[in-house]
Amino acid sequence: MDAGCPRLPDTVLFEIFLYLDHADVLSVGLVCQQWRAVARDEFLWKELFYRYYRVSRDVPRHPGAVSWYDEFQRLYDTIPCVEVQALKEHNDQVLHLSFSHSGCLFASCSKDCTVKIWSNELDISLQHSSNMRPYNWSYTQFSQFNSDDSLLLVSGVFVGPHNSSSGEIAVISMENFTLLSRVRNKPYDVFGCWLNETNLISGNLHRIGRITSCSVLWLNNAFQGIESENVNVVKRLFKIQNLNASTIRTVMVADCSRYDSPDLLLDYEEQLAASSSCPVFDLGSDSEEEEAKPKLPPEPAVQELPDAGGVPAEHGLQQLFDDIMEGRVRPAMTETELETKVAELFVRNRTKPPEPNLLPTDTNSKTKYLIFTTGCLTYSPHQIGIKRILPHQMTTAGPVLGEERRSDEFFDSLDHVIDIHGHIIGMGLSPDHRYLYVNSRAWPRDCIISDPMQPPPIAEEIDLHVFDLKTMKEVKRALRAHRAYTPNEECFFIFLDVSRDFVASGAEDRHGYIWDRHYNICLAKLQHDNVVNSVAFSPVEQELLLTASDDTTIKVWRSPRAVRVRQARRPRPRKLLFSWLMNQKS
């Protein structure tokens, strides 16, 4: 035993360990041999873990962990919570961040109407800045690299005639930063996304009545500036009716091909079933591994759309009009209710039925899901729509208006709908696309919406829901900690991001937040001076996180372990070595 290190009973040591800070615990382990003996005691570390992190004891250890000691150390040492750099090149609110798939570059969008490209090296530096004001943009709001990082999709708000605002998508080449094409995007908070390397999805909105509209989703070729008489550069994907002032917004694409080999399974029973064949791996590294997933709550959050059969639309409309004329409609319908009722009856037999067997059964399936926010009761987004994209729909080849439609298939139906019962303010996919994470602000329980233009008040506390896209069910309980304060009419998107083991989100309370995906616990709060709008993990190094804020800065966060490693690798300045040599000579 080390000299000067008193021997204490294990029970006393254990009580001390329970109240020591992380750093104190680890530093004691470097000095005291008695501590080093106890440090490998699994019982002590299991108790310490559950008490310190306040994890429910029915939650098993992470399926990739080899010991409770290593798991405790992982949650202390690999969380990107140390600020290492603040980037201040933007001069207005920074709204969004996105990494390239290689992790070598990332892009930032801002109210200053620029999109900036940054080089992710030892110290992050600005590589290029594109000003979109010459194209009548008001600001840039979203960006996404295509799968081979050769193109960057940039979404922004476009100022049209009479100062009307709409959306526009620009495609920028990463080879020479030239603008390749521009696509209109309405409403602007559709944002847009890549379907594959060269095709992107945009939206358009057509008003049918005061609170009824039709959203059309388009597939666009990124190289629209290259005219061709033989190849289409645009094709209509889907046409979906909107009721009660709702619209389609925030589109994203999920690839189903990895659903049977996810990075992290969130269902604890699946974890146990997979544990016998699950290889051991280092949780601190970013290597690919197979894991297991959590127990689902008893009530599913995803609903299949009801059958639209029944009375033919023509008979239903005629019956409604007859009832109105003869005074049989009681109580009297408002103009808004009448418009919604007529729209529902009209669309009943004018909609293409949902695709059968939505859930993927083939592990090598090329199926993709188009995921977006929508609604049916009010204008605030409170549902998530899911529509399967079939392989023949993933190209602009063929008729511009898509495959020929019968008169009874004027609209496309949704294949699945997830009802959130609150205002959706953010969505993000896990890296394997198996899980969908959703930020929402809940409505009051049992609230009734009588006017679609007056949605219910929303909670300040943000709920972070998790949905399994393989089973179409909600998993785990909602994550909480972050808050927002703006009312419905001023509510804005707060972007979140998911890595292999962590999920992070911005908030209006001037902090970014990090949770552990397996244990469902909040691990860190990352401070800014204003609203945190966006967060982004490096796709190749989850111990690197970026946060973007209304305070005009982008902050770079690394884990304590990564900071130590990078400091050890950083070369000392040569002038210090020269001064030392000169002093030796003198």
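Residues numbered from 1 in each chain as written. Predicted model: local features only at pLDDT ≥ 70, side-chain atom pairs only at ≥ 80, totals over all residues. Heavy atoms only, no water.

Along the backbone of the protein there are 10 helices and 31 strands. Looking at the protein as a whole, 54% of its 586 residues qualify as buried. For the protein, long-range pairs separated by at least 24 residues make up 62% of all intrachain contacts whose partners lie at least 6 apart in sequence. For the protein, the exposed area adds up to about 27300 Å²; of that, 52% sits on carbon and sulfur atoms. (Helix = DSSP H or I, 4+ residues; strand = E, 2+ residues; numbered from the N terminus. Buried < 20%, exposed > 50% of the residue type's maximum accessible area, 1.4 Å probe, protein only. Contact = heavy atoms within 4.5 Å. Areas by Shrake-Rupley, 256 points an atom, 1.4 Å probe, with all protein chains shown as cover.)

Moving on, we come to the sheet that holds strand β21 (residues 422–429). In space, the four strands of this open sheet follow the order β21-β22-β23-β24, with antiparallel pairing throughout. At either margin of the open sheet sits one strand with a lone partner, and together these are β21 and β24 (473–474). Here β21 runs beside strand β22 (residues 435–442); their pairing, made up of seven bridges, is antiparallel. Pairing of Ile 424 across the sheet is with Ser 440, part of β22. (Pairing = 2+ DSSP bridges.)

One open sheet accounts for four strands, arranged β10-β11-β12-β13; its pairing is antiparallel. Edge positions in the sheet fall to β10 (193–194) and β13 (234–242), since each has one partner strand and no second.

Right, let's get into the UniProt feature "repeat: WD" (unreviewed entry) in the protein. Look at the UniProt record and you will see "repeat: WD" (unreviewed entry) annotated at residues 87–119 and 525–557. Structurally, residues 87–119 comprises 0% helix and 58% strand, and the distance from its first C-alpha atom to its last is 12 Å. (UniProt positions renumbered as here; feature names shortened; annotations may be inferred.)

Let's shift gears to the packing of helix α4 (residues 42–53) against helix α5 (residues 68–77). The relative placement of two packed helices is expressed as an angle between their axes plus a distance between the axes. Between α4 and α5, whose axes approach to 8 Å, the crossing angle comes to 35°. For the pair formed by α4 and α5, the contact residues are Glu 42, Trp 45, Lys 46, Leu 48, Phe 49, Tyr 50, Tyr 52 and Tyr 53 on the first element and Trp 68, Tyr 69, Glu 71, Phe 72, Leu 75 and Tyr 76 on the second. Here the residues of the contact of α4 with α5 are counted per class, giving 11 nonpolar, no polar and three charged. (Axes fitted to C-alpha atoms, helices over the stretch in contact; angles between N-to-C directions. Nonpolar A, V, L, I, M, F, W, Y, C, P; charged D, E, K, R; others polar.)

With that out of the way, let us pick up the pairing of strand β29 (residues 532–538). With seven of seven residues buried, β29 is to be regarded as a mostly interior element. Pairing of β29 with strand β30 (residues 541–549) involves six bridges; the strand directions are antiparallel. Paired with Ser 538 across the two strands is Glu 541, which belongs to β30. A loop of two residues connects β29 with β30, the two strands running antiparallel in sequence.

For the rest of this paragraph, the subject is the packing of aromatic side chains. Taken as a whole and judged by the stated rule, the model has 20 aromatic pairs. Grouped by ring-pair contacts, the aromatic residues Trp 45, Phe 49, Tyr 50, Tyr 52, Tyr 53, Trp 68, Tyr 69, Phe 72 and Tyr 519 constitute a single cluster. Lying over the aromatic face of Tyr 139, Lys 111 brings its terminal NZ or CZ to 5.0 Å of the ring centre. The ring of Phe 158 is capped by Arg 184, whose NZ or CZ atom sits 4.0 Å from the centre of that ring. (Phe/Tyr/Trp six-rings, centres within 6.5 Å; stacked < 30°, edge-to-face > 60°. Lys NZ or Arg CZ within 6 Å of the ring centre and 35° of its normal.)

A word on the environment of Asn 244. With respect to the helices and strands, Asn 244 occurs in the loop between β13 and β14 (249–255). In sequence terms Asn 244 and Thr 212 are 32 residues apart; their C-alpha atoms lie 6.1 Å from each other. Contacts of Asn 244, omitting those with residues within four sequence positions, involve Ile 211, Thr 340, Cys 376, Leu 377, Thr 378, Tyr 379 and Pro 452. Of the polar contacts made by the side chain of Asn 244, one reaches the backbone oxygen of Cys 376; its length is 2.7 Å. (Polar contact = N/O pair within 3.5 Å; in protein donor to acceptor, adjacent residues only side chain to side chain.)

All right, on to the environment of Leu 546 then. In this structure, Leu 546 sits in strand β30. Spatially, the C-alpha atoms of Leu 546 and Phe 106 are 9.6 Å apart, while their sequence positions differ by 440 residues. In contact with Leu 546, not counting residues within four places along its chain, are Leu 97, Phe 99, Phe 106, Ile 124, Ser 534, Val 535, Ala 536, Ile 554, Lys 555 and Val 556.

Before going further, it helps to spend a moment on the pattern of salt bridges. With the rule as written, the count across this model stands at 19 salt bridges. In this structure, Arg 61 and Glu 42 form a salt bridge, with 3.1 Å as the shortest nitrogen-oxygen distance. Within this pair, whereas Arg 61 is found in the loop between α4 and α5, its partner Glu 42 is found in helix α4, the two being separated by 19 residues in sequence. The class for Arg 61 is partly exposed, based on a relative accessible area of 26%. Classification of Glu 42 by relative accessible area gives partly exposed; the value is 29%. Residue Arg 500 is joined to Asp 501 by a salt bridge in which the shortest nitrogen-to-oxygen separation is 2.7 Å. For the pair Arg 500 and Asp 501, a shared accessibility class is recorded, and that class is buried. Each of Glu 47, Arg 51 and Arg 57 takes part in a single network of salt bridges with overlapping partners. (Salt bridge = Lys/Arg side-chain N within 4 Å of Asp/Glu carboxyl O.)

On to α5. Residues spaced three or four apart along an α-helix face the same direction, because each turn holds 3.6 residues. Taking burial as the measure, the 10 residues of α5 include seven buried ones, the bulk of the element. Within α5 the residues assigned to the buried category are Trp 68, Tyr 69, Glu 71, Phe 72, Arg 74, Leu 75 and Asp 77.

Listed as buried for helix α9 (residues 560–569) are Pro 560, Ala 562, Val 563 and Arg 566. Around the axis of α9, the buried residues are gathered within 160° of arc, so they sit on the same side. In α9, those exposed residues whose orientation departs by more than 90 degrees from the buried face are Ala 568 and Arg 569. (Arc of directions from axis to C-beta.)

All right, on to the nonpolar core then. If you look at the biggest cluster of nonpolar residues, it comprises 25 residues, and the most contacted ones within it are Phe 49, Tyr 53, Val 55, Ile 514, Tyr 519 and Leu 545. The set of elements that each furnish at least two residues to this core consists of α4, α5, β26 (502–505), β28 (521–527) and β29. With five residues, the top contributor of residues to this core is α4. When residues are assigned to domains, this core turns out to be shared by domain 1 (10–78) and domain 2 (82–262 + 365–567), each giving three or more. Non-local contacts of Ile 514, meaning those with residues more than four positions away in its chain, are made with Ile 79, Pro 80, Phe 502, Val 503, Ala 504, Ile 521, Cys 522, Leu 523, Ala 524, Leu 526 and Leu 545. (Core = buried A, V, L, I, M, F, W, Y, C linked by side-chain atoms within 4.5 Å. Domains from an automatic or database assignment.)

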